[in-house]
Structures are given as structure tokens and as C-alpha cells.
Amino acid sequence: MFRPDPSSPISPTEQLVRRHRLHPLELLPWLAVIGTYFLLPGYLPLGSQVLIMILFALSLDLILGYAGIITLGHAAFFGVGAYTAGIYAIHVTGEPLSGLVVATVAAGIIGLISGLIILRTHGLTLLMLTLAIVFLIQETANKAGFITGGADGLQGISMQQIFGQFRFDMFGRTAYVYSAIVLFLVWLFARLLVHSPFGRSLTGIRENITRMHAIGTPVRRRLVTIYAISAALAGLAGALLTQTTQFVGLSVLSFERSGEIVIMLVLGGIGRLYGAFIGAAVFMIAKDELAKADPVFWYFWIGMLLVLVVMFARGGILGLIDQALSWVRRKS
Amino acid sequence: MTPALQTVGLKKSFGALPVANDINFSLVPGARYALIGPNGAGKTTFINLITGRLAPSAGQILLGGEDITRMPQAGRVKRGLGRTFQINTLFKGLSVLENVVMAVSEHHGKAADMFRYAGSHRGLVEEAYSLLERLRLGADALLPVKELPYGKQRLVEIAIALGLKPSVLLLDEPAAGVPSTETEIILSVIEQLPGDIAVLIIEHDMELVFRFAKKITVLVQGAVLVEGTPAEIAADARVREVYLGERDHG
Ligand SMILES: Nc1ncnc2c1ncn2[C@@H]1O[C@H](COP(=O)(O)OP(=O)(O)OP(=O)(O)O)[C@@H](O)[C@H]1O
Ligand SMILES: [Mg+2]
């Protein structure tokens, strides 16, 4: 995280100009991703799920953390991507990369259209509209059983090899590497985006929308743009889930999934890019472990964790780490 | 000469309360004008109408001769309309420098750029910084705005507006809320504004108004009561009546 340092000998302009430079700590998640592949081969299927949820949470961070758009309907785009990838694989081709592209574009278009409609509003109205959209799309998928499989889900998806080379193997190795590479590319893009003038202006909109209007920002256009981008990336995550599990069910479009992704992001820390990584990982691993012990009761512990974070660590887990680090720095 | 800014028959009411009642006003290029009037007279509302935060119920607004009555806020800013707020409207969590960079990027049409790092637009950052130095805020550039004393935050308001290189600048009580010991620095900044900017200042401090303005408009209950030079306004019986007991500026 960039923190301007007034006591530094480096000039103010220089500090701002350098802020996007890569910090070594930013490579930590990638060491963990690579380490998991070699050290924990038995966990690769779970690992892929975690990577996909990180991607989904990262897409949410762009609108929620940076632009300050609170949504409980982000699964709508995840689901559109997931179904598009599934339907495409069944009816067009099982070639995975083109499937990803088609699903991403489809989710982006739905994001653009719904963004144009709902981003005229804000606050509670906007929140309700995001909810309404996820219900509308889920109900549509439910009723359109002839193409979506309705409540039974979409069966019979079979994926071809990636680049005609890499088969999706039963140990989940290909799926893991595939998801990791997609996530890496999205991370590069998201990192560029949040450090770009466009990304800075989103922060401006979140911090003070009145001021942004007064400096001549076309606020709604910016918001719709990031909403569509975020929707596209959520769709990409959904498509990855379909391709790596070769199944799609209505749960990809559920309100629960929308809520869970918000929880993951808040848990990790919003508006910091890496909150998505840590939040999704902690949530998915905790869910996996706790659900083994008690398949029903685990939500209680997730709830507990959330209460603690929201009450005592508004910046999420990353915020806690930040505080601890600055405490250590002050002591020394 | 085409006025830099003009309003024709501008009207607005909140429910039954008329807050702009047929306001005809104009600002010549490079003007140094003031708008005064008692609390609740509709001064801030007038600025909000001009900048497009509020839509008038009737009338016209012309910027450099162009009708901007129905134009969104952003378009008006692009055409040279800048303002400051009576109550600080800043990015409190961001550094002073970033506050100004935001405006400078927007002014140069670079703020929508998503495929380059903000830092690679070095010129924008340098332009913002030199503006801060001009306002003697250079040493505070990296401080979060919320850590600045209120008087300096008022200067950041002005710095942001100047970052937009406006041809018309509307200052809504730039010294409001600032302890009297710090008003001098704000006034000196205002006095040193580039001569080609048309400036309209709203202010309650009559000393400041009389020192700065070449022409004064008095607004009462949403209507222009009288307009004139400082000497004319000071001598006007109606103005004295409105201000009687409130302020005494001789
Ligand atoms: N959004 C609003 N809705 C309803 N009434 C409003 C609104 N904004 C302002 N008013 C009312 O309109 C009148 C004019 O307000 P305005 O803020 O323009 O006055 P002003 O001349 O700037 O006063 P001050 O010197 O106190 O800043 C006041 O009576 C105020 O209460
Ligand atoms: Mg006012």
C-alpha cells in the first residue's frame, strides 16, 4: 500500500510518480500459489476453487473497494459467465480459451446494460436493484430449463484440451495451473487499472462524489465503465468454475454466493487488491475444514469471524496486519 | 464584449420558498465581483444553479456566450467554470498533492486513461505540485488533507479549482470557518489570482469584500436588491437596512 511519507528525502512528486512500483510483498501470493502446486498436490481441486474465488473477489474489489459501489448481486455476472461457458461448451465447442472469452464478453455486456440502468441510483435503492438483478437472472435461468437444465443444472459439459495439449486431469493439476495463469493475468490488469488515472478517479468518486462532479468528472460514465469491467471479470471467474468442474448449477447465480463473496472481500480487506487473495483463501479453507467437522454448523464460525472483523478490524485481515506492522515500526 | 458568465431571469424554488427569483447577472472577463447577502439569501443556491448541481425552474445560463442551462456539470467545468465550496469538499483521506492531481488529470483529459500508471504522467504531478508551491502548500503536499488545519484546507479548495485552469471562478465564502489570524493568507491568495480569470466571491466579511471587489451584488430572499461599486453599496440605504444591527462596515 502506498503511504506518502512527508519525512522522506524523496520529493513529493517523485513519491507519487513511483507509487505503482512493485513491492516485494506483492509477490507473496504468487509464491503461495506456486508452493501449493508442488507441496500440496492433494489439495489442488480445492486450490482451483480458491483461485477462482480470489478472481471473483478481485472483480468485486474493483467496484466495491475502489469505486464504493455496494452490491449484493455480483453473482449475477459470475453466473452469466458460468452458464455461458457451459452452454458454449455443449452447443458450440469444448475449446476452453474461446469459451472464456465468450463468457467474459457476455457477462461484461450484461454488466454494461444493468450498470446503465441501476447506476443512476445510489444508496439503498442501488443495493436493492443489485439484489433484484441477481434474482431476475436466477429465475430466468431456472425457467429456461431447455437450455440451462433448470434446477438439475447443466449436464454433459466436456472440455477439450487446452491448446490441444493439456487435458483436464483427474488430479486437478491442469485445472489449477489454468486457473492460476488466468488469475495472474487478471491481477496484472487489475493492478494496472487501480494505479491508472482511471483507477485514481474511482477512488475520488468513493471519497467525495460531489467534488468529482465539480472537477468535471463524468461520474456516471466512469462508474458504468468499471461496473462492466468488473462484471466481465466476475463472468470470467464463473467460466473458469464451469470449465474446471464441468458442471453448472443454479447456485452460481444465488444470493448466497453474492453475499459470500462480499464476506470474503470484507474479511480480507476492501480496496487493497490483496484483500481478495487473503479473504477468499481464508474463507474457502475455513469452510472446507469446518464443514468436514460439521457440515451445517460451520456458518456459525464464519459469522463469528465476520463479527470480529467488522467490529475490531475495519480494514479486514490486511488492515490488522497493517496496524501490527506500523505498531512494530513505532516501537523500534 | 461577451460576458464571461451571464444569467438571464434565473429562477428556482424549494417547495414554496423562492431562492432564486429572476436573477439577471453578468460577469465580465477578468472581473473581480462580490455577491453578498444575509444568511439564507440564496447565494450558494445561485452558485449551484450556475455549476449545474441544481437545475433552474426557469431562465438561462450563458458561459462565454454559450447556453449551458441544460449541460451536465462536467461539460461546464470543461468549458472553464470552476468553483470552491462553502463547506470543504475534499478527498480527506488522500494527500494534498493527490487532491490537486485529481483535478489536473481531469482538466488535461487524462483521467479516463486506464492503460498507463498514473505515475507515468509525471507532468500532471509536477503541474499540481507547482500550483501547491504557489499557494505556499508545498511543504504539506504529502499530508493527508484531514490532518491539515482548517485554514489550509480552505487553500486546498482553491488549489483544486485553479488546477482546472478556469476562466470563471466562483468562490463560496473562501474564508468561512477560518480563524481571523489565518484569513490574511487566504485573502492574499485571492488577490493574487491570475488577472484573466473572472472571479465572483461570496463573502460575509465586509472588509474582505470591500478590499477585493470592484462591483458588488446584494442578494436578498433570492432576488437582486441592488448592484454597484463598493462606494455605492456602502452608501445605499436599503443595504444598510438589510444589514442593520448585523454588521457595521461604515
Ligand atoms: N436542497 C435544499 N432543499 C431545500 N431547501 C434548501 C436547500 N438548499 C438550501 N435551501 C434553503 O434555501 C435557502 C437559501 O440557501 P443558500 O444556501 O443558498 O443560502 P446562502 O445565501 O448561501 O446562505 P449562507 O450565507 O448561510 O451560506 C435557505 O433558506 C436554505 O435553507
Ligand atoms: Mg451559502
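Please refer to the structure higher up on the page.
## Re the packing of aromatic side chains
Residue and element names in this part refer to chain A.
Argument step 1. Using the criterion set out here, one finds 18 aromatic pairs over all chains in the structure.
Argument step 2. Ring geometry for F283 and W298: centres 6.1 Å apart, planes at 80 degrees, overall edge-to-face. With a gap of 15 residues between them, F283 in helix α13 (residues 275–293) and W298 in helix α14 (residues 298–312) connect regions that are remote in the sequence.
Argument step 3. By the ring-pair criterion, three or more aromatic residues cluster together here, those being W30, F184, W187, Y274 and F277.

## Describing the coordination of the magnesium ion (ligand 2)
Residues and elements named next belong to chain B.
Argument step 1. Binding of the magnesium ion (ligand 2) to the protein goes through T44 (OG1) and Q86 (OE1), at separations of 1.9 to 2.1 Å. Linking T44 in helix α1 (residues 43–51) with Q86 in the loop between β6 (81–83) and α3 (96–107), this pair joins segments that are 42 residues apart in sequence.
Argument step 2. Exposure remark for Q86: the relative accessible area of 27% places this residue in the partly exposed category.

## A look at the interface of chain A and chain B
Argument step 1. Contact with chain A, which involves 38 residues of that partner, is made by 42 residues of chain B.
Argument step 2. A buried area of about 3500 Å², summed over both sides, lies between chain A and chain B, and 68% of it is on carbon and sulfur atoms.
Argument step 3. Run the count over chain A and chain B and you get five salt bridges.
Argument step 4. Between A:R200 and B:E98 there is a salt bridge; the shortest N-O distance is 2.6 Å.

## Regarding the sheet that holds strand β1 (residues 5–14) of chain B
Residue and element names in this part refer to chain B.
Argument step 1. Across the sheet, four strands lie side by side as β2-β1-β4-β5; this open sheet has antiparallel pairing. One side of each edge strand has no neighbouring strand; the edge strands of this open sheet are β2 (17–27) and β5 (66–67).
Argument step 2. Here α1 sits on the sheet and contacts β1, β2 and β4 (58–63); the angle it forms with β1, its principal contact strand, is near 115 degrees.

## Comments concerning the nonpolar core
Argument step 1. One finds A:M53, A:I226 and B:L97 to be the most contacted residues of the largest nonpolar core, which totals 155 residues.
Argument step 2. The greatest single-element share of this core, amounting to 16 residues, is contributed by helix α3 (residues 44–66) of chain A.
Argument step 3. Each residue touching A:M53, except ones within four places of it in the same chain, is listed here: A:F78, A:R257, A:I261, A:M264, A:A280 and A:M284.
Argument step 4. In terms of nonpolar packing, the next biggest core, distinct from the first, is built from 25 residues, B:A31, B:L49, B:I68 and B:L170 among them.

The rules behind these values
Residues numbered from 1 in each chain as written. Chains lettered and ligands numbered in written order. Predicted model: local features only at pLDDT ≥ 70, side-chain atom pairs only at ≥ 80, totals over all residues. Heavy atoms only, no water. Phe/Tyr/Trp six-rings, centres within 6.5 Å; stacked < 30°, edge-to-face > 60°. Helix = DSSP H or I, 4+ residues; strand = E, 2+ residues; numbered from the N terminus. Donors = N, O, S within 2.8 Å, 3.2 Å for Na, K, Ca; no water. Buried < 20%, exposed > 50% of the residue type's maximum accessible area, 1.4 Å probe, protein only. Contact = heavy atoms within 4.5 Å. Buried area = accessible area lost by both parts, 1.4 Å probe. Salt bridge = Lys/Arg side-chain N within 4 Å of Asp/Glu carboxyl O. Pairing = 2+ DSSP bridges. Axes fitted to C-alpha atoms, helices over the stretch in contact; angles between N-to-C directions. Core = buried A, V, L, I, M, F, W, Y, C linked by side-chain atoms within 4.5 Å.

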